[in-house]
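# Observations on the three-dimensional arrangement
Each chain, written out:
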Amino acid sequence: MSEQPLLLPYADPAFVADPFPLYRRLREEGPVRRVVVAGGLDAWLITRYEDGLAALGDPRLSSDIHDASDPRLLRQLPVTERESMLRTMLRADPPDHTRLRRLVSKAFTARRVAELRPRVQAVADGLLDAIVRAGRADLVADFALPLPVTVIGELLGVPTRDRHDFQRWTDDMILRGPEPPDPAVVDGAWRQMRAYLTTLLAAKRADAGDDLLSALITARDEERRLDEDELIAMAFLLLVAGYVTTVNLIGGGIAALLAHPDQLRLLREDPALLPHAIEEFLRYDGPVNPGIARFAREDVEIAGVTIPRGATVLVASAIADRDPARFPDPDRLDITRRDNAHLAFGHGIHYCLGAPLARLEGQVAIGTVLRRLPGLALAVPPDELRWRPSGLRGPERLPVTFTPGSVPDDTGPGVAV
């Protein structure tokens, strides 16, 4: 294996639109490969399914950014707002991870999430009422984005008027292109987000509601299971993680169906396939790209390759989930696929807490679009779609047309959002 890291070509529109030919080559060349990812960060890419599965459960690979040796990662930490808001369960190891996750896990059980289905359906119908009236839409901006933003905002108790602001700050925080963003813009977004969350939590402390943030304040003030920084970090994580990947699951899933008319037709004919379709969208072209970051606490040998202490490790779920050693005919979208234990939600103790909610929102969103928008088609040539370049994967816009005069869904009139 070459010692020279490979620069992943995020500046190449062809790679951004379809990274899978290069990903396939990397997997075929070897199980572990040094690469340079967006922002110029050096990482060790794990490309095969079984190795990735083992790595996600390996305690020698930490989730704590303080275990990283790359100075470009560590330089982020002096920004006080960013340092404090990274104190989340996503970036913690046991025992802190265990304590933090336990505080919110009851809100995301399959039973509790199933109780949200009527409201998710009402939000989807309200958004589609407006789309049907307009006669065309951008299904990202008009549907895939506002649906999970509304749901997580209501679950946490975030006022509707504030949701555009936190979307904008999140956009500024997330690395999107091949070059590092303007540090002043990024740092400003972290500071504004922390200031907003501090104010919101103070308001809830004075007037608690029946929402998850109010419950977390109780855990902080009465049970002393969170310190103030952890409370703010938890609010930040739930707010942002509650929608950013689901937007791309919904938008990417619809885009995949439009690119595969046989699968679109099959799903229209048999809506019972929706749960399997969602899992296949996650496997085939999931919202995390290229994968899940860890940091080596010590020298770690994976598939015969020694990864040095402090190195950034990327378990490349986007590559591993197309490993032919695990998934037959992996480059084919097949919504009838049953054995589909993909890595899009991770594995082990950090398995995505919000997976049940993301699955529910994906099923309701895509199922309702197919029922209510007959004749659905792209409004632009497929090669004009623009995809998010790194970190998260999904179409930036999804302009569509559909048959005018669509009949409202039989779930009843939409509810305003």
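Details of the structure are given in the entry above.
Just so you know, these numbers come straight off a predicted model, no measurement behind them.

The next subject is helix H19 (residues 355–372). Under the 1.5 Å per step criterion, the end-to-end length of H19 is 26 Å for 18 residues, consistent within 8% with the ideal 26 Å. Most of H19 is tucked away: 15 of the 18 residues are buried.

Position of Met-89 relative to the elements: it lies in the loop between helix H5 (80–85) and helix H6 (96–105). Once the C-alpha coordinates of Met-89 and Arg-102 are considered, the two residues, 13 residues apart in sequence, prove to be 9.8 Å apart. Among all residues touching Met-89, those that are not within four sequence positions of it are His-97, Leu-100, Arg-101, Val-104, Met-234, Leu-237, His-350 and Leu-353.

Taken as a whole and assessed by the stated rule, the structure comprises 28 salt bridges. The closest approach of N and O atoms between Arg-33 and Glu-29, which form a salt bridge, is 3.1 Å. On the basis of relative accessible area, Arg-33 is assigned to the buried category, the value being 14%. Through salt bridges with shared partners, a single network forms among Arg-24, Arg-322 and Asp-331.

A word on unusual backbone geometry. Look at the link from Pro-94 to Pro-95: it is a cis peptide, with omega at 5°. With an omega dihedral of 0°, the bond running from Asn-289 to Pro-290 counts as a cis peptide bond. If you trace the backbone, Pro-290 turns up in the loop between strand E6 (288–289) and strand E7 (292–296). One non-glycine residue, Ala-303, lies in the positive phi region at around 50°. The residue Ala-303 is located in the loop between strand E8 (300–302) and strand E9 (305–307) in this model. For Ala-303, a relative accessible area of 41% translates into the label partly exposed. Phi at Asp-329 is positive, roughly 50°, even though this residue is not glycine. Among the secondary structure elements, Asp-329 is positioned in the loop between helix H18 (317–320) and H19.

What follows covers the sheet that holds strand E1 (residues 6–7). Strand order in this open sheet of six strands is E1-E2-E3-E10-E7-E4, and the pairing throughout is mixed. One side of each edge strand has no neighbouring strand; the edge strands of this open sheet are E1 and strand E4 (61–62). Bridge analysis of strand E3 (residues 41–46) against strand E10 (residues 312–315) gives three bridges, and the strand direction is parallel. Residue pairing for E10: Ile-46 is matched across the bridge by Val-315.

To continue, consider the pairing of E7. Buried residues dominate E7, accounting for five of its five residues. Residue alternation in E7 divides its side chains into two sets, Ile-292, Arg-294 and Ala-296 and Ala-293 and Phe-295, and both sets are buried. Pairing of E4 with E7, which is carried by two bridges, proceeds in the antiparallel orientation. Bridge pairing in E7 places Leu-61 opposite Ala-296.

Criteria and thresholds
Residue numbers run consecutively from 1 along every chain, following the written order of its sequence. In keeping with the predicted nature of the model, local features appear solely for residues at pLDDT of at least 70, side-chain atom pairs appear and are counted solely at 80 or more, and the whole-chain, interface and lining totals rest on all residues. Water and hydrogen atoms play no part in the side-chain values, which are based on all heavy atoms of the structure. Each helix is a run of DSSP H or I of at least 4 residues and each strand a run of E of at least 2, with the numbering of both proceeding from the N terminus. Between the first and last residue of a helix there are one fewer steps than residues, each counted as 1.5 Å, and that sum is the expected span. Burial here depends on accessible area, computed with a 1.4 Å probe over protein chains only, as a share of the maximum for the residue type. Under 20% is buried, over 50% is exposed, and the range in between is partly exposed. Residue contacts follow a heavy-atom distance rule, with two residues in contact if any of their heavy atoms lie within 4.5 Å. Basic side-chain nitrogens of Lys or Arg form a salt bridge, by our definition, when they fall within 4 Å of a carboxyl oxygen of Asp or Glu. Any two strands with at least two DSSP-identified bridges between them are counted as paired.

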